[in-house]
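Each chain, written out:
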Amino acid sequence: MARSVVLNSSPRCVRCYQPRAWCLCAWQEPVGLPWAVDVLMHQGEMVRPTSTGHLIQRLVPGSGQHLFRPAASADAESVRRPGHTLWVLHPFGDDLPAEVPERLQVVLVDGTWKQASTMVRAISSWGRKVRLPMTGTSRYWLRNQQGEGQFSTIEALMFLLEAAGRNDEARRLRVAFELQVYAGLSVRGDRRRRDAYLETSAVRAALTDLLARRDAQLRPVAEAADAPARPDRPGPDPAGPSG
């Protein structure tokens, strides 16, 4: 389905990158995590509002975002955190260890699958590559995932949290993530897929409640904007009474 030209030309929030009518900032709360999290983002991903790497930076306090340029060497020292065990999450890494280090730094690569493979090769010496037990299908309906077991960047982080028993943090990230996907489908005018997305959401109750609160807060503003202008009450004739 073609995207709405009007919506796509609307001014966007500088933080969440959504059109102003779908700004999500007030409904995406910070989620503190037990580990240091850094996103290595391909330069082609930096300008894409649908990037979940941007979402991680907005949601996870203290998380880092680092630009990857194919023409330049990746600088490990600008990313590596002293005193931490560094894991690079990637499907071709080692099986997830039974124990998660107490001082763990998680590095996620953000880009297309081809770009992500290039980035992982470039940073293979930084730390241990770790594969997560990711099953099912991606909920990242804003882009076409290329095969079974391929997920967005933030979904990989959620799988790690679930594997470590951090289910509450994973659920909170999922609500924020699925809200962004729902908003993206709404902005594109794809009501059929938007409604199907909400219907099949594992966090449907939380997402529905959040959307209801958002609509309730926005309704007075929308009604005021749609209300017809009231004519000014006529004042006294400046010329005074006739006669």
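Residues numbered from 1 in each chain as written. Predicted model: local features only at pLDDT ≥ 70, side-chain atom pairs only at ≥ 80, totals over all residues. Heavy atoms only, no water.

Let's talk about the overall build of the chain
Then step 1. What the chain contains, in helices and strands, is seven helices and five strands.
Then step 2. Secondary structure elements in the chain, listed N-terminal to C-terminal, are α-β-α-β-β-β-α-β-α-α-α-α.
Then step 3. Here the chain holds 243 residues, and the buried ones make up 43% of them.
Then step 4. A separation threshold of at least 6 residues defines the contact pool for the chain, and within that pool the share at least 24 residues apart is 68%.
Then step 5. Carbon and sulfur atoms make up 51% of the accessible area of the chain, which totals about 13600 Å². (Helix = DSSP H or I, 4+ residues; strand = E, 2+ residues; numbered from the N terminus. Buried < 20%, exposed > 50% of the residue type's maximum accessible area, 1.4 Å probe, protein only. Contact = heavy atoms within 4.5 Å. Areas by Shrake-Rupley, 256 points an atom, 1.4 Å probe, with all protein chains shown as cover.)

Re the state of the cysteines
Then step 1. If you walk through the whole model with that rule in mind, you get zero disulfides.
Then step 2. Cysteine C13 remains unbridged, with the sulfur of C25 as its closest cysteine sulfur at 3.7 Å.
Then step 3. For C13, a relative accessible area of 12% puts it in the buried group.
Then step 4. Not engaged in a disulfide, the cysteine C23 finds its nearest cysteine sulfur in C25; these two sulfurs lie 3.7 Å apart. (Disulfide = S-S within 2.5 Å.)

Overview of the sheet that holds strand β4 (residues 104-110)
Then step 1. The sheet built from five strands is open, its strands ordered β2-β1-β4-β3-β5 with parallel pairing. Only two strands of the sheet have a single partner each, and these edge strands are β2 (64-68) and β5 (128-131). The sheet shows a mean angle of 35° between the axes of neighbouring strands, taken without regard to direction.
Then step 2. In terms of strand pairing, strand β1 (residues 36-42) meets β4 through six bridges, oriented parallel. Within the sheet, the bridge partner assigned to D38 lies in β4 and is V107.
Then step 3. Against the sheet, helix α2 (residues 52-59) engages β1, β2 and β4, with an angle of about 150° to β1.
Then step 4. Running at roughly 130° to strand β3 (residues 85-95), helix α3 (residues 113-122) makes contact with β1, β2, β3, β4 and β5 of the sheet. (Pairing = 2+ DSSP bridges. Axes fitted to C-alpha atoms, helices over the stretch in contact; angles between N-to-C directions.)

Notes on the side chain of S51
Then step 1. On the secondary structure map, S51 appears in the loop between β1 and α2.
Then step 2. Looking at S51, the relative accessible area reads 0%, which means it is buried.
Then step 3. One polar contact links the side chain of S51 to the main-chain amide nitrogen of H54, over a distance of 3.5 Å.
Then step 4. Here S51 is in contact with M41, E45, D110, Y140, R143 and Q180, once residues within four sequence places are set aside. (Polar contact = N/O pair within 3.5 Å; in protein donor to acceptor, adjacent residues only side chain to side chain.)

Examining helix α6 (residues 191-199)
Then step 1. What α6 keeps buried is the set R194, Y197 and L198. The buried residues of α6 occupy one face: seen down the axis, they fall within an arc of 95°. Counted as exposed and oriented over 90 degrees from the buried face of α6: R192 and E199. (Arc of directions from axis to C-beta.)

Topic: the confidence of the model for the chain
Then step 1. The predicted model of the chain averages 86 in pLDDT, with 85% of residues at 70 or higher.
Then step 2. In the predicted structure, residues 1-8 sits below a pLDDT of 50 and forms 12 contacts with residues beyond four places in sequence or in another chain.
Then step 3. Within the model, the stretch residues 235-243 combines pLDDT values under 50 with zero contacts to residues more than four positions away or in other chains. (pLDDT = per-residue confidence, 0-100.)

Some details on the nonpolar core
Then step 1. Judged by nonpolar contacts, the single largest core of 35 residues is most densely connected at I56, L108, L157, L173 and F177.
Then step 2. The leading source of residues in this core is helix α4 (residues 153-163), at seven residues.
Then step 3. In contact with I56, not counting residues within four places along its chain, are V37, V39, S63, L108, T153, I154 and L157.
Then step 4. Ranked by size, the runner-up nonpolar core spans 15 residues in total, among them C13, L24, V187 and L210. (Core = buried A, V, L, I, M, F, W, Y, C linked by side-chain atoms within 4.5 Å.)

A few points about the packing of helix α5 (residues 167-187) against α6
Then step 1. Two elements in contact, α5 and α6, have axes whose closest approach is 8 Å; the angle formed by their N-to-C orientations is 160°. In terms of orientation, α5 and α6 fall into the roughly antiparallel class. α6 is crossed by α5, and the crossing has left-handed handedness. Residues F177, E178, V181, Y182, L185 and S186 of α5 lie in contact with α6, whose contacting residues are R193, R194, Y197 and L198. (Parallel < 35°, antiparallel > 145°, perpendicular 65-115°, else oblique. Left-handed = near helix turned anticlockwise from the far one by under 90°.)

With respect to the pattern of salt bridges
Should the charged atoms of two oppositely charged side chains come close, the side chains can pair.
Then step 1. Under the criterion given, the structure shown has 15 salt bridges.
Then step 2. Put simply, R172 and D168 hold a salt bridge, and the shortest N to O gap is 3.8 Å. Here the residue R172 and the residue D168 both occupy positions in helix α5, the gap between them amounting to four residues, near one helical turn.
Then step 3. Given a relative accessible area of 29%, R172 falls into the partly exposed group.
Then step 4. One network of salt bridges, in which partners are shared, links E45, R48 and R143. (Salt bridge = Lys/Arg side-chain N within 4 Å of Asp/Glu carboxyl O.)

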